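One-letter residues, chain by chain:
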Amino acid sequence: MLERVVFPFRGAELGGSHVATFTLATAIQRQSDIECVVVCPQDTLIMKEAQRIGLRTVASEEAPTGRNNAMTDVTRITRRRAILQRACGTGGSAVHCNDVNSLRAWGLPARLNGVGVAYHHHALNRMWWPPHLVSLAYANAVICVSDSTLAAMRGWRRDATKELNPFEIDRSINRTSARQALLDEFGWPADAIIVGWIGNFWDRKRPEFFLEVAAALQRRDRRHRFVLFGRDGDFSMAAIRQLAIKHGVNAATAVPGFRQPVEANLAAIDLLLAPAPREPFGRALVEAIVLGTPIVATRGAGHSEIIGAWGGGVLANGNDSAAAVADLCAAVLAEPGRYRLSPARVDEIAVELSPASYAKRMLRLFGQIAGPRESRGGRVAMRPGTARQPNQRPEH
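These numbers were taken from a predicted model, which means no experiment stands behind them.

**Brief notes about the overall build of the chain**
A count of helices and strands for the chain gives 16 helices and 13 strands. On C-alpha atoms alone, the chain measures out to a radius of gyration of 22 Å, which is about the 21 Å that the 2.2 N^0.38 rule sets for 396 residues. The buried share of the chain, reckoned over its 396 residues, is 55%. A sequence separation of at least 24 residues applies to 69% of the contacts in the chain between residues at least 6 apart. Surface summary for the chain: the accessible area is close to 17100 Å², and the carbon and sulfur share equals 51%. Distance from the positive charge centre (49 side chains) to the negative charge centre (37 side chains) of the chain: 5 Å.

Spelled out as structure tokens, the structure:
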């Protein structure tokens, strides 16, 4: 019988996939007696956020990292098994791995402990690296977050299925108040046209291209202002400010860093510009659609899937110039109401992506793979692919 779900992490920073995982964990604890436990490096943002939202944490006794070493993974098996045992206790448990590095590190120790493993695939990589491929054998179930990630995985795990991430969005945020707070903070005029960025500053997300578009918009209309919410990645916040100077928009650009709640950030802006060409899904886009903030995003992968399914904005081509994308932004800003969904449609999306219904589906999966259990014929761990996926119905 399932008593707890363990979520191991290897890094230190919070991203969209972490938010989705924590949303799942809090929904599970809210609607059941099942405990959710986070295993992660000590004193990281991940640990602090887990504790803030009421999840039990267990220190992984490892430094945060985004990389794996095959030899290290082998030599730490015994220690990791002991840490997982501490996290799992004596009852039935399942381990949920949020990325392939966590799966490589914690999947085998979990299976050796007789505990089932679910791997949640958030990336667009095709898993060709041999250690990644080996780690897929540790997973009893593989869940992908979009059509694009599912297509990338299906060549290796034909049993993989799609399950959209959950969203818990506070729709009560007052757009007028959120906007005024931002204007007051940065001393911007009341008629400012605010274009925003939501996301950490990774090169693949193209933060410099955002600023190139900003410069093109500023040449059109000096009322434009730009705000970039996010944490350091390949670019630091200081580097982003230097790029704003380089492109001549520093006087009109604010880089306040990562802020919560994200709803206040999105409600304060007039347009969300998301220039990343290959996002596995695009959490900020969904949040913007629900809150009524129009979007200009680069075509491809998750962005195309989201806009194609729900609307809410327009898509630029990956090779469009900054001036061409600025044209799209200007067109959307000229008719923002055209890209806002009806309240009834927003209600439908909110129900479709609600944490409660998502948690119910995932709990069924976790219950199927939970361990340790008594085995037949001396076998403890299930073979990969033997778990029925969240959106499959039992056969009668």
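**Quick look at the side chain of arginine 283**
Structurally, arginine 283 is set in helix α12 (residues 283-291). A distance of 3.0 Å separates a polar atom in the side chain of arginine 283 from the backbone oxygen of proline 166. When near neighbours in sequence (up to four residues on either side) are disregarded, arginine 283 contacts Gly16, Val19, Ala20, Thr23, Asn165, Pro166 and Phe167.

**Some thoughts on the pattern of salt bridges**
Per the counting criterion, the structure on display carries 27 salt bridges. Here glutamate 62 ties to arginine 76 by a salt bridge, and the two come within 3.5 Å at their closest N and O atoms. Taken together, the residues glutamate 62 in the loop between β3 (56-59) and α3 (70-75) and arginine 76 in the loop between α3 and α4 (77-88) connect sequence positions 14 residues apart. The exposure class assigned to arginine 76 is partly exposed, which follows from its relative accessible area of 27%. Residue glutamate 279 is joined to lysine 205 by a salt bridge in which the shortest nitrogen-to-oxygen separation is 3.0 Å. Separated by 74 residues along the polypeptide, glutamate 279 in the loop between β11 (271-274) and α12 and lysine 205 in the loop between β8 (193-198) and α9 (207-220) bring together distant segments of the chain. Residue class for lysine 205 comes out buried when judged on its relative accessible area of 14%. Connected through shared salt-bridge partners, Arg10, Glu62, Asp73, Arg76, Arg80 and Arg104 make up one network.

**A short note on the sheet that holds strand β12 (residues 295-298)**
Taken in spatial order, the six strands line up as β10-β9-β8-β11-β12-β13 in an open sheet, and their pairing is parallel. Unpaired on one side and paired on the other, β10 (253-254) and β13 (313-316) mark the two borders of the sheet. Across six bridges, β8 lies against strand β9 (residues 224-229) in parallel orientation. Residue pairing across strands places valine 195 opposite phenylalanine 226, the latter belonging to β9. Where helix α13 (residues 301-310) meets the sheet, its contacts fall on β11, β12 and β13, and the angle it forms with β13 comes to roughly 145°.

**Let's talk about the sheet that holds β3**
A sheet is described by the order of its strands in space; here seven strands give the open sequence β3-β2-β1-β4-β5-β6-β7, paired in parallel fashion. Each having just a single partner strand, β3 and β7 (161-162) make up the two edges of the open sheet. Alignment of strand β6 (residues 141-144) against β7, held across two bridges, turns out to be parallel. Bridged to cysteine 144 within β7 is lysine 162. The strands that helix α2 (residues 45-52) touches are β2 (35-40) and β3; relative to β3, the one it contacts most, it runs at about 155°. Across the sheet, helix α5 (residues 100-112) is in contact with β1 (2-8), β2, β4 (92-97) and β5 (116-121); its angle to β5 comes to roughly 170°.

**Points about the packing of α9 against helix α10 (residues 237-246)**
Where α9 meets α10, the axes come as close as 10 Å, and the angle between the chain directions of the two elements is 35°. Two packed elements cross with a definite hand, and for α9 against α10 that hand is right-handed. Together, Pro207, Glu208 and Leu211 of α9 and Ile240, Leu243, Ala244 and Lys246 of α10 make up the contact between the two elements. Looking at the contact of α9 with α10 residue by residue, the class counts come to five nonpolar, no polar and two charged.

**Section: the pairing of β3**
Sheet analysis places β2 next to β3, joined by four bridges and oriented parallel. Note on β3: the bridge partner recorded for valine 38 is threonine 57. Regarding the hand of the β-α-β motif, the stretch spanning β2, α2 and β3 is right-handed.

**A look at α12**
Counting buried positions over the nine residues of α12 gives nine, a clear majority of the element. Residues of α12 that are buried include every one of Arg283, Ala284, Leu285, Val286, Glu287, Ala288, Ile289, Val290 and Leu291, and no others. Remark: glycine 292 follows α12 within two positions and exhibits a positive phi of approximately 85°.

**As for unusual backbone geometry**
A cis geometry characterises the amide bond from glutamine 260 onward to proline 261, with omega recorded as 0°. Within the fold, proline 261 resides in the loop between β10 and α11 (262-267). A positive phi is found at glutamate 61, a non-glycine position, where the angle reads about 60°. Among the structural elements, glutamate 61 can be located in the loop between β3 and α3. Since its relative accessible area comes to 46%, glutamate 61 is described here as partly exposed. At arginine 206, a position not held by glycine, the phi torsion is positive, near 65°.

**Brief notes about the packing of aromatic side chains**
A full pass over the atoms with the stated rule returns four aromatic pairs. With a centroid separation of 5.2 Å and an interplanar angle of 35°, the aromatic rings of phenylalanine 186 and tryptophan 188 are classed as tilted. Residue classification places phenylalanine 186 among the partly exposed positions, given a relative accessible area of 27%. On the basis of relative accessible area, tryptophan 188 is assigned to the buried category, the value being 10%. An aromatic cluster of three or more residues is present, and its members are Trp197, Phe201 and Phe210. Positioned above the aromatic ring of phenylalanine 209, the side-chain terminus of arginine 206 is 4.2 Å from the ring centre.

Quick notes on the rules
- Residues numbered from 1 in each chain as written.
- Predicted model: local features only at pLDDT ≥ 70, side-chain atom pairs only at ≥ 80, totals over all residues.
- Heavy atoms only, no water.
- Helix = DSSP H or I, 4+ residues; strand = E, 2+ residues; numbered from the N terminus.
- Rg over C-alpha atoms; globule rule 2.2 N^0.38 Å.
- Buried < 20%, exposed > 50% of the residue type's maximum accessible area, 1.4 Å probe, protein only.
- Contact = heavy atoms within 4.5 Å.
- Areas by Shrake-Rupley, 256 points an atom, 1.4 Å probe, with all protein chains shown as cover.
- Lys, Arg positive; Asp, Glu negative; His and termini not counted.
- Charge placed at Lys NZ, Arg CZ, Asp CG, Glu CD.
- Polar contact = N/O pair within 3.5 Å; in protein donor to acceptor, adjacent residues only side chain to side chain.
- Salt bridge = Lys/Arg side-chain N within 4 Å of Asp/Glu carboxyl O.
- Pairing = 2+ DSSP bridges.
- Axes fitted to C-alpha atoms, helices over the stretch in contact; angles between N-to-C directions.
- Left-handed = near helix turned anticlockwise from the far one by under 90°.
- Nonpolar A, V, L, I, M, F, W, Y, C, P; charged D, E, K, R; others polar.
- Right-handed = clockwise from strand over helix to strand, strands pointing away.
- Phe/Tyr/Trp six-rings, centres within 6.5 Å; stacked < 30°, edge-to-face > 60°.
- Lys NZ or Arg CZ within 6 Å of the ring centre and 35° of its normal.

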